[in-house]
2 protein chains.
Amino acid sequence: MPTTLHDVAREAGVSAATASRALTGGTVSAGTRASVRAAAERLGYRPNRAARGLITGRAGALGLVVPDLTNPFFADVAKGVAARARAADLPVFVADADEEAGLEVEAVRSLARSTDGLLLCSPRAADAQLLDVADARATVLLHRRVPGLASVVADLADGTRQAVEHLRALGHRRIAYVPGSPGSWAGEQRDVGLAAATADGGVEVVRFPPVAPTVAGGVQAADLVLADGATAVLAYNDLVAVGLLGRATARGVRVPEDLSVVGHDDTVATMAHPSLTTVAVPQRRAGAAAVDLLLRLVAAARTPGAPLPEDAEVTLTTHLVVRASTAEPTRPR
Amino acid sequence: MPTTLHDVAREAGVSAATASRALTGGTVSAGTRASVRAAAERLGYRPNRAARGLITGRAGALGLVVPDLTNPFFADVAKGVAARARAADLPVFVADADEEAGLEVEAVRSLARSTDGLLLCSPRAADAQLLDVADARATVLLHRRVPGLASVVADLADGTRQAVEHLRALGHRRIAYVPGSPGSWAGEQRDVGLAAATADGGVEVVRFPPVAPTVAGGVQAADLVLADGATAVLAYNDLVAVGLLGRATARGVRVPEDLSVVGHDDTVATMAHPSLTTVAVPQRRAGAAAVDLLLRLVAAARTPGAPLPEDAEVTLTTHLVVRASTAEPTRPR
DNA sequence: TGGAAGACTGCAAACGTTTGCAACGATCCT
DNA sequence: AGGATCGTTGCAAACGTTTGCAGTCTTCCA
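Residues numbered from 1 in each chain as written. Chains lettered and ligands numbered in written order. Predicted model: local features only at pLDDT ≥ 70, side-chain atom pairs only at ≥ 80, totals over all residues. Heavy atoms only, no water.

### A word on the overall build of chain A
Argument step 1. Across its full length, chain A carries twelve helices and twelve strands.
Argument step 2. On C-alpha atoms alone, chain A measures out to a radius of gyration of 25 Å, which is more than a quarter above the 20 Å that the 2.2 N^0.38 rule sets for 333 residues.
Argument step 3. With the C-alpha coordinates of chain A rotated into their principal frame, the extents come out at 85 × 40 × 30 Å.
Argument step 4. Out of the 333 residues belonging to chain A, those deemed buried represent 52%.
Argument step 5. Relative to all contacts within chain A whose residues are 6 or more apart in sequence, the contacts with residues 24 or more apart total 70%.
Argument step 6. Summed over all atoms, the accessible surface of chain A reaches about 13800 Å², with 54% contributed by carbon and sulfur. (Helix = DSSP H or I, 4+ residues; strand = E, 2+ residues; numbered from the N terminus. Rg over C-alpha atoms; globule rule 2.2 N^0.38 Å. Buried < 20%, exposed > 50% of the residue type's maximum accessible area, 1.4 Å probe, protein only. Contact = heavy atoms within 4.5 Å. Areas by Shrake-Rupley, 256 points an atom, 1.4 Å probe, with all protein chains shown as cover.)

### Considerations on the interface of chain A and chain B
Argument step 1. Opposite the 44 residues of chain A that make contact, chain B presents 44 residues.
Argument step 2. Both faces combined, the contact of chain A with chain B buries some 3700 Å², and carbon together with sulfur accounts for 61% of it.
Argument step 3. Taken as a group, Arg46, Arg113 and Met271 of chain A account for 20% of the area that chain A buries against chain B, more than any other trio of residues on that side.
Argument step 4. At the boundary of chain A with chain B, the tally comes to ten salt bridges. (Buried area = accessible area lost by both parts, 1.4 Å probe. Salt bridge = Lys/Arg side-chain N within 4 Å of Asp/Glu carboxyl O.)

### A closer look at the nonpolar core
Argument step 1. By size, the foremost hydrophobic cluster in this structure holds 86 residues, and its most contacted members are Val178 and Leu244 of chain A together with Val178 and Leu244 of chain B.
Argument step 2. Excluding residues within four positions of it along the chain, valine 178 of chain B makes contact with Phe208, Pro209, Val211, Ala221, Val225, Val233, Leu234, Ala235, Tyr236, Val240 and Leu244 of chain B.
Argument step 3. Judged by nonpolar contacts, the second largest core, of 73 residues, contains Phe74, Ala186 and Leu294 of chain A together with Leu62 of chain B. (Core = buried A, V, L, I, M, F, W, Y, C linked by side-chain atoms within 4.5 Å.)

### Points about the pairing of strand E9 (residues 260-265) of chain B
Residue and element names in this part refer to chain B.
Argument step 1. Extensive coverage of E9 is indicated by the burial of six of its six residues.
Argument step 2. Both strand E8 (residues 232-235) and E9 contribute to a ladder of three bridges, which runs parallel. Bridge pairing in E9 links leucine 234 to valine 262. (Pairing = 2+ DSSP bridges.)

### Quick notes on the packing of aromatic side chains
All names here are of chain B.
Argument step 1. Across all of its chains, the model carries three aromatic pairs over all chains by this definition.
Argument step 2. Seen in terms of ring centroids, phenylalanine 73 and phenylalanine 74 are 5.5 Å apart; in terms of plane orientation they differ by 80°. Their pairing is edge-to-face. The pair formed by phenylalanine 73 and phenylalanine 74 is uniform in burial state, with each residue classed as buried. (Phe/Tyr/Trp six-rings, centres within 6.5 Å; stacked < 30°, edge-to-face > 60°.)

### A few points about the sheet that holds strand E12 (residues 319-321) of chain B
All names here are of chain B.
Argument step 1. Taken together, six strands build an open sheet; the order of strands is E7-E6-E8-E9-E10-E12 and the sheet is mixed. At either end of the open sheet lies a strand with only one pairing partner, and these are strand E7 (204-207) and E12. Each adjacent strand pair in this sheet contributes to an overall mean axis angle of 25°, direction not counted.
Argument step 2. Direction of pairing for E9 relative to strand E10 (residues 277-280): parallel, over a ladder of four bridges. (Axes fitted to C-alpha atoms, helices over the stretch in contact; angles between N-to-C directions.)

### As for the protein's contact with DNA strand D
Argument step 1. Around DNA strand D sit 25 residues in total, of which Leu5, Ser20 and Tyr45 of chain A together with Thr18 and Thr32 of chain B are the nearest.
Argument step 2. At 2.4 Å from a phosphate oxygen of DNA strand D is found a side-chain nitrogen or oxygen belonging to threonine 18 of chain B.
Argument step 3. Within the backbone of isoleucine 55 of chain B, an N or O atom sits 3.4 Å from a base oxygen of DNA strand D.
Argument step 4. Looking at the surface near DNA strand D, the elements with two or more residues in it are helix H1 (5-12), helix H2 (16-24) and helix H4 (49-56) of chain A together with helix H2 (16-24) and helix H4 (49-56) of chain B. (Near = heavy atom within 4 Å. Polar contact = N/O pair within 3.5 Å; in protein donor to acceptor, adjacent residues only side chain to side chain.)

### A word on the domain arrangement of chain A
Argument step 1. Taken domain by domain, chain A consists of domain 1 (5-47), domain 2 (62-154 + 283-317) and domain 3 (156-281).
Argument step 2. A C-alpha centroid distance of 60 Å is found between domain 1 of chain A and domain 3 of chain A. (Domains from an automatic or database assignment.)

### Here's the deal with helix H12 (residues 283-302) of chain B
Argument step 1. Relative to the 28 Å expected for 20 residues at 1.5 Å per residue, H12 of chain B spans 29 Å between its end C-alpha atoms, a close match to the ideal helical length.
Argument step 2. For H12 of chain B, the set of buried residues is Gln283, Ala286, Gly287, Ala288, Ala289, Ala290, Val291, Leu293, Leu294, Leu297, Val298 and Ala300 of chain B. (Expected span 1.5 Å × (residues − 1).)

### Let's talk about the protein's contact with DNA strand C
Argument step 1. Surrounding DNA strand C, one finds 25 residues, the nearest of these being Thr18 and Thr32 of chain A together with Leu5, Ser20 and Tyr45 of chain B.
Argument step 2. At the protein interface, 64% of the atoms of DNA strand C within 4 Å belong to sugar or phosphate.
Argument step 3. One of the backbone nitrogen or oxygen atoms of serine 15 of chain A is found 3.0 Å away from a phosphate oxygen of DNA strand C.
Argument step 4. Those elements that place two or more of their residues in the surface near DNA strand C are H2 and H4 of chain A together with helix H1 (5-12), H2 and H4 of chain B.
Argument step 5. Residue composition of the surface near DNA strand C, by class: eleven nonpolar, eleven polar and three charged. (Nonpolar A, V, L, I, M, F, W, Y, C, P; charged D, E, K, R; others polar.)

### Focus: the packing of helix H5 (residues 72-87) of chain A against helix H12 (residues 283-302) of chain A
Residue and element names in this part refer to chain A.
Argument step 1. One can describe the packing of H5 onto H12 by two numbers: an axis separation of 7 Å at closest approach and a directional angle of 45°. What the angle tells us is that H5 and H12 run oblique. For the element pair H5 and H12, the recorded crossing hand is right-handed. Contact residues: Phe73, Asp76, Val77, Lys79, Gly80, Val81, Arg84 and Ala85 in H5; Gln283, Arg284, Gly287, Ala288, Val291 and Asp292 in H12.
Argument step 2. In the contact of H5 with H12, the residues fall into six nonpolar, three polar and five charged. (Parallel < 35°, antiparallel > 145°, perpendicular 65-115°, else oblique. Left-handed = near helix turned anticlockwise from the far one by under 90°.)

### Quick notes on helix H10 (residues 215-227) of chain A
Residue and element names in this part refer to chain A.
Argument step 1. When the terminal C-alpha atoms of H10 are compared, their 19 Å separation across 13 residues agrees well with the 18 Å that a helix rising 1.5 Å per residue should span.
Argument step 2. Along H10, the sharpest change in direction is near 25° and occurs at alanine 221.
Argument step 3. Val215, Gly217, Gly218, Ala221, Ala222, Val225 and Leu226 are the residues of H10 that are buried.
Argument step 4. Looking at the buried positions of H10, the neighbouring elements they touch are strand E6 (174-178), strand E8 (232-235) and helix H11 (238-250). (Bend = angle between axes of the 7 residues up to and from the residue.)

### A word on the relation of the copies chain A and chain B
Argument step 1. Once chain A is rotated about the relating axis by 180° and shifted along it by 0.0 Å, it coincides with chain B to within an RMSD of 0.1 Å. On this basis, the relationship between the two copies can be described by a two-fold rotation axis.
Argument step 2. In this assembly the copies share their binding face: 100% of the residues contributing to the interface of chain A also contribute to that of chain B. (Least-squares fit on C-alpha atoms with pLDDT ≥ 70 in both.)

### As for the environment of alanine 312 of chain A
Residue and element names in this part refer to chain A.
Argument step 1. Checked against the element boundaries, alanine 312 lands in the loop between H12 and strand E11 (313-316).
Argument step 2. Here the alpha-carbon distance between alanine 312 and proline 213, two residues 99 residues apart in the chain, equals 29 Å.
Argument step 3. If we skip the residues at most four places from it in the chain, alanine 312 touches Ala150, Ser151 and Leu293.

### A short note on the side chain of asparagine 71 of chain A
Residue and element names in this part refer to chain A.
Argument step 1. Inspection of the secondary structure puts asparagine 71 in the loop between strand E1 (62-66) and H5.
Argument step 2. Reaching out from asparagine 71, the side chain makes a polar contact with the backbone nitrogen of phenylalanine 73 at a distance of 2.9 Å.
Argument step 3. Asparagine 71 has contacts with Pro213 and Asn237, leaving out every residue within four places of it along the chain.

### Concerning the packing of H4 of chain A against H4 of chain B
Argument step 1. Interaxial distance between H4 of chain A and H4 of chain B falls to 8 Å at its minimum, and their mutual angle equals 135°. Taken together, the axis directions place H4 of chain A and H4 of chain B in an arrangement best described as oblique. Read as a crossing pair, H4 of chain A and H4 of chain B show a hand that is left-handed. Contacts from Ala50, Ala51, Gly53 and Leu54 of chain A of H4 of chain A reach H4 of chain B at Ala50, Ala51, Gly53 and Leu54 of chain B.

### Let's talk about the pairing of E10 of chain B
Argument step 1. Sheet topology note: the E10 of chain B/E12 of chain B ladder contains three bridges and is antiparallel. Its bridge partner being in E12 of chain B, threonine 278 of chain B is matched across the sheet by valine 321 of chain B.

### Concerning the sheet that holds E6 of chain A
Residues and elements named next belong to chain A.
Argument step 1. Taken in spatial order, the six strands line up as E7-E6-E8-E9-E10-E12 in an open sheet, and their pairing is mixed. Both outer strands of the open sheet, strand E7 (204-207) and strand E12 (319-321), are each paired with one neighbouring strand and no more. Neighbouring strand axes in the sheet, compared pairwise and without regard to direction, differ in orientation by 25° on average.
Argument step 2. Of the strands in this sheet, E6, E8, strand E9 (260-265), strand E10 (277-280) and E12 touch helix H8 (residues 156-170), which is tilted by about 165° from E9.

Written as structure tokens, this is what we have:
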């Protein structure tokens, strides 16, 4: 019962072919175009995506796979993606992989056929696995870099470097670092930043065991960190930083007087008290940029002369936002 | 170049019709089914959704419209929806309406044709608008009730009642209430709860101007609340509660000694320090239940004898989670 | 004035899948 | 042993759209 192109054509007194051309930008007379448009409007015509997709071979939709929608970092990215996709009039399938590489791969497999392109945000799967399952001509990685695939990342290494420099400038000499699950691309980047910042000495970074990207993870790490002599702690994630801060406060350790805390991502940093000094990552912008890149990619893939976009590896800058959770160390602990 | 059903059929030595039946559960011999399945597996066959959708009239996908993916409440709901939809092997289109009724309606319009059913989470649009734009046989409302449409809601009124009772039991007599944008269904429900809890006197609720569902909104409300004599404040949202708590602390007002704070939704309650007493709403479960209901709804709509599901209005219970942000008032302020 | 070129339109095929119908063989019952 | 029934299969149509091709009509130039 939904109105079809034929209904519109009949209403406008033309053939379906002409109606199609009038609506999709083919060569028709101005008068015809106007009357077809009017008929379509009058009847509330909406093209059948399935039929269009069948003949054109395009799905008219994008796909986004994230590890966890509940993580504010990914929620922000998803928002950026959704906004940019809406502007391009493309609906987007969103899959939540529950932090599992297996579900991630399965999502890619099933979404690949029903979309024109896929956005994989911080995928947990291994490089080889991704290269195997993803179509390089229709996939953009977000916050992950794999040779052979297009990607949009933030300069995490530099962000971490800025954070350490900030703490060093304040006078901290022993800094605790709480990392995430080992083997992740983001983790490696942060390691690069740590190495760069500690290269010329003057500051020592002690690495703690990895924890989950949650407030609970931060709480768990807090007691270990407090047992150490560090005067500052750097968390790989704002949620972890919030957990650290909360637990420290609960145990009577004052932040930032007794302990400086630095987060990462600038997601929930203003929810903490004191508000968190953190490394801001432009999640929304990254999401939007990824959609842009993906659109260029699939457009290039459709033209036979296939010059893949030069700038298939986008890097966005990060910057430290200094708030209230960092200060000069009062006394050596 | 992707493998089609014909490829599978040829590989298995049967017709396309038989291959289709073998894979989708038609009547074929056990041997045929096995060999077709084997062929499909060998070739990595994935059915073309567009072609299937065109002939069956089903899209094989669901749609979810939320006001803001960034709001942890909706992110949780989306996670519940995604998990349940994955179990049903249905991908889900997610649209972010940016808290605007107009975008919401537009999302419904464009998604309606490309999905089998739509989930509208806390829609901002007016009742009449929703009834106009939504197909009652394929739409489920989440955290909103409109006569004529199926819905899954939480008992917000009772949650608010529990919160007020809790504060009264602690000895509070003057409670500040910070509401959200006026005219919302959830707001009305909370008003019902407030009325119920204050009916037999003994406690007074003072209503403050509405604020945005953000930490900033809470900060904004905080100074107004502190100027009042209330010993406790009830926020319509955890984010707002966090803002209230942070600002109060910053101004030297101790929580819970000088001011008790109660949030709502149990989203970011454990991020605050002290952790928030809040009304827990089962978002994930609501999302999953909404998918279930939607699936039953569309199944019923497909059978001509159309007995719409009896339980088209699901209500989930809420309960107060008492944490560290509420206590007996120390002295009248 | 004749022809070529161009603008506009319709016919029909095609995309990959599902499904009604009919055909076939085997099995069962009487 | 004959007919009916059932299980299994293939043929062909159908879903709604886009698009190559050819046709018609107009316009322009020589």
